[in-house]
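What the coordinates show
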Amino acid sequence: MQNIYLIGMMGAGKTSTGQALARLLKMDFVDLDDEIEASTRLTINEIFAEKGEPFFRAEEKKALRRVALETQTVVATGGGIVLNPENVAQMKQTGRLIYLAASFEALWERVRDKRDRPLISVPDPRGTFLKLFEKRRPLYEASATGRIMTDGLKPEAVAQKIAGEFLKISRP
Ligand code: S3P
């Protein structure tokens, strides 16, 4: 079976849903940010602060290339993965892309107190997050094979929906 790539904004629940989906389908699970932290031996915050975003994007692309060699793996991507069309092509060639959609307010509630999201550790975090949301939403929509609205749903419920609606595999 091919990989399953979960895409969507920060706060969409890609990691927790990915873990639940992997358990449900008995697949492996990889979080791309963890991969990047392991390969660079730096935290995401350190990468952005010390090396800058272009370095992060290059590492993200390399990490995706490595992970795309896997099979049967649920991959939680970072919110910016769709910014590079080559990443989208790579994911499409090696799996299905599921977009975890959520309303702006739900996403904001989930990320507003987090300290490990350097892109919104700025003077106007909400306004910055809104701009990111508006810019990226069409990219997620255009890239995905399936879309799940996650507002009000627990990760396990989102995983069930993905399995049922897009993969035609549903377990009790
Ligand atoms: C980013 C999202 C983060 C992480 C990095 C950049 C983004 O991942 O990759 O901070 O550009 O949206 P999550 O989506 O898992 O928070």
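Residues numbered from 1 in each chain as written. Predicted model: local features only at pLDDT ≥ 70, side-chain atom pairs only at ≥ 80, totals over all residues. Heavy atoms only, no water.

1. Regarding the pairing of strand β1 (residues 3-7)
Keep this limit in mind: Only protein chains enter the area calculation, which uses a 1.4 Å probe; residues under 20% of their type maximum are buried, those over 50% are exposed, and those in between are partly exposed. A run of H or I in DSSP counts as a helix once it spans at least four residues, and a run of E counts as a strand once it spans at least two, with each numbered from the N terminus. Note on pairing: two strands pair once DSSP finds at least 2 bridges between them.
Where burial is concerned, most of β1 is hidden: five out of the five residues are buried. Both faces of β1 are covered, namely the face carrying N3, Y5 and I7 and the face carrying I4 and L6. Pairing geometry for β1 and strand β4 (residues 95-101), over five bridges, is parallel. Bridge pairing links N3 to G95 in β4. Sheet topology places β1 next to strand β3 (residues 73-76); three bridges connect them, and they run parallel. If you follow Y5 over to β3, its bridge partner there is V75.

2. Some remarks on helix α1 (residues 14-25)
What sets the pattern is the α-helix's 3.6 residues per turn: residues three or four places apart point alike. Selection rule: An expected span of 1.5 Å times one less than the residue number is assigned to each helix. Whether two residues are in contact is decided by their heavy atoms, any of which lying within 4.5 Å being enough.
Taking 1.5 Å per residue, twelve residues should reach 16 Å; α1 reaches 16 Å between its end C-alpha atoms and fits that length. Buried residues in α1 make contact with β1, β2 (28-31), β3, β4 and α8 (155-165).

3. As for the nonpolar core
Note that soluble globular proteins tend to have their nonpolar side chains buried in a common cluster. Applied cut-off: Grouping buried Ala, Val, Leu, Ile, Met, Phe, Trp, Tyr and Cys residues that are joined through side-chain atoms within 4.5 Å yields what is termed a nonpolar core.
Core analysis: the largest hydrophobic core is formed by 52 residues, its most contacted members being I4, L6, I7, L21, L25, F129 and I162. Once residues within four sequence positions are removed from consideration, F129 is found in contact with M9, M10, F104, L107, W108, V111 and I120.

4. Observations regarding the pattern of salt bridges
When their charged atoms lie close together, side chains carrying opposite charge are able to pair. Put simply, the rule is: In what follows, salt bridge is the name for a side-chain nitrogen of Lys or Arg lying within 4 Å of a carboxyl oxygen of Asp or Glu.
What the rule picks out here adds up to eleven salt bridges. Among the salt bridges present, the one from K61 reaches E86, with a minimum N-O distance of 2.6 Å. Separated by 25 residues along the polypeptide, K61 in helix α4 (residues 53-67) and E86 in helix α5 (residues 85-94) bring together distant segments of the chain. The partly exposed category is assigned to K61, whose relative accessible area is 21%. The closest approach of N and O atoms between E141 and R147, which form a salt bridge, is 3.1 Å. You can call E141 partly exposed: its relative accessible area is 37%. Given a relative accessible area of 41%, R147 falls into the partly exposed group. Because the salt bridges share partners, they merge into one network encompassing E53, R57 and E60.

5. Comments concerning the packing of α4 against α5
Stated precisely, the cut-off is as follows: Axes here mean lines fitted to C-alpha atoms, for a helix over just the part in contact, with angles spanning 0 to 180 degrees between N-to-C directions. With respect to orientation, any angle under 35 degrees is reported as roughly parallel, any angle over 145 as roughly antiparallel, any angle of 65 to 115 as roughly perpendicular, and every other angle as oblique. When residues are grouped by polarity, Ala, Val, Leu, Ile, Met, Phe, Trp, Tyr, Cys and Pro land in nonpolar, Asp, Glu, Lys and Arg in charged, and all others, Gly among them, in polar.
At a closest axis distance of 10 Å, the pairing of α4 and α5 adopts a crossing angle of 10 degrees. By the angle between their directions, the pair α4 and α5 is classed as roughly parallel. When α4 is examined against α5, the residues K61, L64 and R65 are found in contact with a partner set consisting of E86, N87, Q90 and M91. Considered class by class, the residues forming the contact of α4 with α5 number two nonpolar, two polar and three charged.

6. Considerations on α4
Here is the rule we go by: By arc we mean the arc of the directions from the helix axis to the C-beta atoms, nothing more.
For α4, built from 15 residues, the straight-helix expectation of 21 Å at 1.5 Å per residue is met to within 8% by its first-to-last C-alpha distance of 21 Å. Listing the buried residues of α4 in full gives F56, R57, E59, E60, A63, L64 and V67. With its buried residues spanning 165 degrees around the axis, α4 presents them on a single face.

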